[in-house]
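As a plain string of letters, each chain reads:
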Amino acid sequence: MAEIEALDSTWVTNAKLLRLLISARLRSQTAYRGSFAADVAGQVVLALTEFVELYAILHNIPTFGGLTFAQALLVFAFASIGFSIGDLLLGETDSMSDAIRMGKLEVLLTRPLPVLLQLMTSDFQLRRVGRLAFALLAMAAALFLTDIDWDPGKVVLFIITPLAGAAIFGALFVGAGASQFWLVDGRQFGNAFTYGGRYVASMPGAALFLPMQVFFTFVVPATLVAYAPSLVLLELEGPAGIPSWTGWLGLPAAVVLWGLMLLLWRAAIKKYTGAGG
Amino acid sequence: MIIEAEQLSRNFTVAEAGEGRGWNRLRRRSRTIHAVRDVSFTVERGEAVGYIGANGAGKSTTIKMLTGILVPSSGRVTVCGLQPVPQRQALARKIGVVFGQRSQLWWDLPLQDSFPILGAMHRQPESRWRPRFSELSEQMGLGPFLTSPVRQLSLGQRMRGEVAAALLHRPELVILDEPTIGLDMISKESLRRFLDFERREHGTTLLLTTHDMSDVQRLCQRILVVDDGVIAFDGPLTGLSEVAEARRTMVIDFVAPLDGAGLVLPPGAEHLGAEAEGIRHRIAFDPRLLSAAALLAAVSTSAEVADLSLHEPDIEDLVRQLYTSAR
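Below you will find a few notes about this structure. The model shown is predicted, which means the values in this text are computed figures rather than measured ones.

Thresholds applied
Residues numbered from 1 in each chain as written. Chains lettered and ligands numbered in written order. Predicted model: local features only at pLDDT ≥ 70, side-chain atom pairs only at ≥ 80, totals over all residues. Helix = DSSP H or I, 4+ residues; strand = E, 2+ residues; numbered from the N terminus. Buried ≥ 20, exposed ≤ 12 C-beta atoms within 10 Å, placed from the backbone. Contact = placed C-beta atoms within 7 Å. Core = buried A, V, L, I, M, F, W, Y, C linked by C-beta atoms within 7 Å. Axes fitted to C-alpha atoms, helices over the stretch in contact; angles between N-to-C directions. Parallel < 35°, antiparallel > 145°, perpendicular 65-115°, else oblique. Left-handed = near helix turned anticlockwise from the far one by under 90°. Nonpolar A, V, L, I, M, F, W, Y, C, P; charged D, E, K, R; others polar.

## Quick look at the overall build of chain B
Item 1. On a plain count of helices and strands, chain B comes out with 10 helices and 13 strands.
Item 2. Buried positions account for 38% of the 327 residues belonging to chain B.
Item 3. For chain B, contacts bridging at least 24 residues in sequence account for 69% of all contacts bridging at least 6.

What follows is the structure in structure tokens.
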């Protein structure tokens, strides 16, 4: 037993486990090649329609929420990258109510790993890579078209923004999954925050009403994913509800949001086992 | 002791749609269901215990409380010296769980690919889980379908895979919820033979719920009968086998209608009744006194037999009989 206990804490076994779980997931998905290819293509088309929507608006008016097409494209690209990484890792929580109904959760509970970790690896959706690829392409175009006056601070912000965005969306996915323990068909409610958050994040925040600006910055931090940091990079003044200093709030907001959503997740699991919330 | 349950109870609150009109409809009433009530029992290391009862009797709820899926509403439970829910992950390393109707294998992957993942989940180095896997694979005859995706396996093949998966980390206690449900006779028998061997060889404790009396007879020395959330019987199998062996039913269809009184029955058989205007007759018999073949031969002398079927006593009847005999 001592030998097993000693192995417990080693990084090697943890890393190996994670690798095994993810590679199992990837192989499962590529097991049906045809449907996998169709899925990837579908994801690219989805991302493309979102882009067309933005393009259609800016084709007809010169600026949207104070941003030119190139500037709006930067916001769109940040939001898409953040969302697609968050979705890639934690999108499975979206179907939590199915997992509860079909008894899959019970199987997860009888294994010696945290449920959330098992969920992350049980649905590492490779097809969502299609969306990420499109987002990276949009980012390249945005960088080419905009005229950013780079300095070290902006480079740092440029790197942390997609990571903070991924973390914010990941936390929203966890919260959406947790809410399904209380709401039997809570999928739509959760989607309002995740997919709704993505929609708001890819918009220029100034296009929102003031109360909405405040709500989506300080309550559900969707504008912090893309719009606010873009203001800093582009050296633009923000609207009243989203001052440009909020551009640096992405990472702290992600940390706070994760803390809250993990508490909610824990309460959700406790609710399921009946341990009291 | 490997399982200790003391005054274990579990209630569920079920919301019911409100009655009345208008806003009153939105006012919900809730009702409390006592799925398990004051259940106390212990299981010793190395025992094989059958946990039986009708549907909705509280079997699954008890199993969920033992495995850390549900917290008891009241009472105390320790499994392998741990408290199931607070120490769920530590407990998961010591027990193996098989749910007959849900899978813990990776559905789209070849069967053999699930094992390295499970080995890593249980933090076992390959030098430890690999030999065990070879042993399990050989004993359960997994070889021919190890490279097939789990989704393509027959139910019998998949169940053998599930049991191997649950035993990979050498658990001290294996809990099986309806492991033989839906299996054919041969698969059932090989699964039973394997579980029995596992217990004798490694001292693994077995706790299983089942609807199949033969599972209990082949595997368990002791049974716990749960009825309506309470333990109705806790004792050795001998008490059960008297009831279980007794009274199988033969249903016979004759070519022409026949009066029940006209049947010549050997000792140990009893005419229960006739249906379909005297075409179909139900005859109960005690297999210890009379074989099915002898009964059929005797009956055939009275009239020409068109068709027949044999019925085992069902678990609801057994529970009822045990319940009355235990009083």
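Text resumes after the structure shown.
## Thoughts on the nonpolar core
Item 1. A:Val75, A:Ala77, A:Ile168, B:Leu168 and B:Ile175 are the most contacted members of the largest nonpolar core, which totals 129 residues.
Item 2. Here this core gets 14 residues from one element, more than from any other, and that element is helix α4 (residues 69–90) of chain A.
Item 3. When near neighbours in sequence (up to four residues on either side) are disregarded, B:Leu168 contacts B:Phe115, B:Leu118, B:Gly119, B:Trp129, B:Arg132, B:Phe133 and B:Leu136.
Item 4. Core analysis: the second largest hydrophobic core is formed by 8 residues, B:Leu258, B:Phe285, B:Leu295 and B:Val299 among them.

## Considerations on the packing of helix α9 (residues 152–179) of chain A against helix α12 (residues 227–234) of chain A
Residue and element names in this part refer to chain A.
Item 1. At a minimum axis distance of 10 Å, the contact between α9 and α12 shows a crossing angle of 160°. Here α12 runs roughly antiparallel to α9, going by the angle between their axes. Handedness of the α9/α12 crossing: left-handed. Counted together, Lys 154, Leu 157, Phe 158 and Thr 161 of α9 and Pro 229, Val 232 and Leu 233 of α12 form the full contact between these two elements.
Item 2. Its residues assigned to classes, the contact of α9 with α12 shows 5 nonpolar, 1 polar and 1 charged.

## Section: the packing of α9(A) against helix α13 (residues 250–273) of chain A
All names here are of chain A.
Item 1. Packing of α9 against α13 brings their axes to within 8 Å, and their N-to-C directions diverge by 20°. When the interaxial angle is binned, α9 and α13 end up roughly parallel. Relative to α13, the crossing made by α9 is left-handed. Note on element contacts: α13 touches α9 through Gly 250, Leu 251, Ala 253, Ala 254, Leu 257, Trp 258, Met 261, Leu 264, Trp 265 and Ala 268, opposite Ile 160, Thr 161, Ala 164, Gly 165, Ala 167, Ile 168, Ala 171, Val 174, Gly 175 and Ala 178.
Item 2. Taken together, the residues that form the contact of α9 with α13 break down as 16 nonpolar, 4 polar and no charged.

That is the geometry; function is a separate question.
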